[in-house]
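Structure at a glance
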Amino acid sequence: MSGKLINGKEIGDLIRQSIQQEVNDLKEQGISPGLAVILVGDNPASKTYVSNKQKSCEQMGIYSELIELSAEISEETLLSEIDKLNADPAIDGILVQLPLPKHIDEQNVIAAISPEKDVDGFHPESVGKMMLGQPTYLPCTPFGVMKLLEYANIDVAGKHAVIIGRSHIVGVPMGQLLLQKDATVTYCHSKTPDLAAMTTQADILVVATGRAKMIGAEHVKEGAVVIDVGINRDENNKLCGDVDFDSVIDKVSAITPVPKGVGPMTITMLLFNTLQSAKKKVYSRQMSSK
């Protein structure tokens with residue numbers, strides 16, 4: 001069996017075409033969606049992520065504002081910057097690039113962002129609504145994975161989905177979104193005693209461990225769908241995922257490559273969430289004028 005590639009770059013481009021059209025429509029109404037990104041410190045990976053987000057905003061015609069702050073900044077000063085953005089009518093979405101310096105409490109920072117502008121989907125209110133299946137901003141990476149499955153015509157209802165990883169950014173919300181689409185969900189993590197015994201039961205295997213090529217053919221059931229969330233560097237400094245792609249490609253029915261798999265979808269869904277925030281602002285204005 002030769003696995004079918006789920007190309008996140010191509011699917012992301014399709015979704016961005018729709019986003020672009022809606023952004024243009026809003027601009028005709030005098031509304032320009034705006035995203036503010038706060039970058040604390042000079043982490044090279046964070047700088048790259050932020051740069052990619054800004055470029056994507058520019059391509060979509062979304063106003064982008066970058067606030068660069070010193071790694072030594074106090075938590076109080078950072079919270080003050082967030083307060084300013086919460087009150088800024090030109091900003092529809094606020095993103096604080098993680099990780100933050102150790103002296104800053106990430107949960108305090110996330111909670112300071114207005115839920116109406118929480119386009120990352122990390123605010124406790126957003127998380128609570130997601131868990132209840134209520135309308136809210138969904139975390140961008142799990143949201144992107146759901147879109148990949150949708151566009152690849154992979155029906156998750158009744159399927160056994162196994163998630164490797166339990167982070168609050170990817171693993172936990174990923175399982176919840178799959179559960180809401182009627183999948184049966186199992187979580188695996190570093191304390192799971194026999195990982196392969198669990199993963200070989202998976203119809204859909206989502207891997208988010210942060211360990212290069214950790215998952216091989218022995219972990220995968222014949223015909224499974226594999227979603228590789230990881231992005232790492234191998235021994236030759238080449239980009240790779242958490243899955244050993246070459247060892248599983250002939251065993252799976254579908255798989256996301258690294259790069260051009262999940263990665264492009266994360267930024268695409270960030271743009272989507274920012275657009276939704278701007279549309280809510282338009283709707284609110286229309287209602288208040290009646």
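Quick notes on the rules
Residues numbered from 1 in each chain as written. Predicted model: local features only at pLDDT ≥ 70, side-chain atom pairs only at ≥ 80, totals over all residues. Heavy atoms only, no water. Salt bridge = Lys/Arg side-chain N within 4 Å of Asp/Glu carboxyl O. Helix = DSSP H or I, 4+ residues; strand = E, 2+ residues; numbered from the N terminus. Phe/Tyr/Trp six-rings, centres within 6.5 Å; stacked < 30°, edge-to-face > 60°. Buried < 20%, exposed > 50% of the residue type's maximum accessible area, 1.4 Å probe, protein only. Lys NZ or Arg CZ within 6 Å of the ring centre and 35° of its normal. Patch = residues over 30% accessible without salt bridge, like charges linked within 9 Å, V, L, I, M, F, W, Y side chains within 5 Å. Areas by Shrake-Rupley, 256 points an atom, 1.4 Å probe, with all protein chains shown as cover. Pairing = 2+ DSSP bridges. Axes fitted to C-alpha atoms, helices over the stretch in contact; angles between N-to-C directions. Right-handed = clockwise from strand over helix to strand, strands pointing away. Parallel < 35°, antiparallel > 145°, perpendicular 65-115°, else oblique. Contact = heavy atoms within 4.5 Å. Nonpolar A, V, L, I, M, F, W, Y, C, P; charged D, E, K, R; others polar. Disulfide = S-S within 2.5 Å. Core = buried A, V, L, I, M, F, W, Y, C linked by side-chain atoms within 4.5 Å.

1. Thoughts on the pattern of salt bridges
Overall, the coordinates contain seven salt bridges when judged by the stated rule. Residue K279 is joined to E22 by a salt bridge in which the shortest nitrogen-to-oxygen separation is 2.7 Å. Taken together, the residues K279 in helix α10 (residues 263-288) and E22 in helix α1 (residues 8-28) connect sequence positions 257 residues apart. E150 serves as the salt-bridge partner of K147, at 3.5 Å between the closest nitrogen and oxygen. Of this pair, K147 and E150 both sit in helix α6 (residues 140-151), three residues apart, roughly one helical turn.

2. Some remarks on the packing of aromatic side chains
Tallied over the full model, the rule gives one aromatic pair. Between F143 and F272, the aromatic rings sit 5.6 Å apart at their centres with planes inclined by 75°, giving edge-to-face as the arrangement. Taken as a pair, F143 in helix α6 and F272 in helix α10 lie far apart in primary sequence, 129 residues in all. Judged by relative accessible area, which is 12%, F143 ranks as buried. Directly above the ring of Y137 sits K280, whose terminal nitrogen or CZ lies 4.3 Å from the centroid.

3. Some thoughts on a nonpolar patch on the surface
Where nonpolar side chains cluster on the molecular surface, the patch consists of Y49, I231 and L239 and spans about 260 Å² of accessible area. Secondary-structure assignment places Y49 in helix α2 (residues 44-60).

4. Overview of the sheet that holds strand β3 (residues 63-69)
Strand pairing in a sheet is mediated by backbone hydrogen bonds. Such pairs are either parallel or antiparallel. Taken together, the three strands give an open sheet; going across it, the order is β3-β2-β4, and neighbouring strands pair in parallel fashion. The outermost strands of the open sheet, each flanked by one partner alone, are β3 and β4 (93-96). Strand-to-strand twist across the sheet, computed as the mean angle between neighbouring axes with direction ignored, equals 15°. Bridge count between strand β2 (residues 34-40) and β3: seven bridges; the pairing is parallel.

5. What about the pairing of β2?
Burial within β2 is extensive, with seven of its seven residues counted as buried. Residues of β2 alternate between two faces, with G34, A36, I38 and V40 on one and L35, V37 and L39 on the opposite face, all of them buried. The handedness of the β2 to β3 crossover, carried by α2, is right-handed. Of the pairings in the sheet, the one linking β2 to β4 comprises four bridges and is parallel in character. Note on β4: the bridge partner recorded for V37 is L95.

6. Examining the packing of α1 against α6
Relative orientation of the contacting elements α1 and α6 amounts to 95°, with a least axis distance of 10 Å. Between α1 and α6, the angle is such that the two are roughly perpendicular. On α6, the residues touching G8, I11, L14 and I15 of α1 are K147, L148 and Y151. Per-class residue counts for the contact of α1 with α6 are five nonpolar, one polar and one charged.

7. Quick word on the side chain of H219
Of note, H219 is situated in the loop between β7 (204-207) and β8 (225-228). For H219, a relative accessible area of 11% translates into the label buried. Not counting the four nearest positions on each side in its chain, H219 is found in contact with L195, A196, T199, T200, L205 and M214.

8. Description of the sheet that holds strand β1 (residues 4-5)
Taken together, the six strands give an open sheet; going across it, the order is β1-β11-β8-β7-β5-β6, and neighbouring strands pair in parallel fashion. Edge positions in the sheet fall to β1 and β6 (184-188), since each of these pairs with one other strand and no more. Across the sheet, helix α7 (residues 171-180) is in contact with β5 (160-164), β6 and β7; its angle to β6 comes to roughly 165°.

9. Digging into the state of the cysteines
In the structure shown here, the tally under the stated rule is zero disulfides. In this structure C140 is a free cysteine whose sulfur lies 11 Å from that of C57, the closest cysteine sulfur available.

10. Here we look at the nonpolar core
Formed by 49 residues in total, the largest nonpolar core has its most connected members in I6, L149, I154, L178, V206, V225 and I227. In terms of residue count, the dominant contributor to this core is α10 (eight residues). When neighbours within four sequence positions are excluded, L178 is seen to be in contact with M146, L149, V156, A161, I163, A183, V185 and V206. Counting 19 residues, the second largest nonpolar core, distinct from the first, contains I67, I73, I110 and F122.

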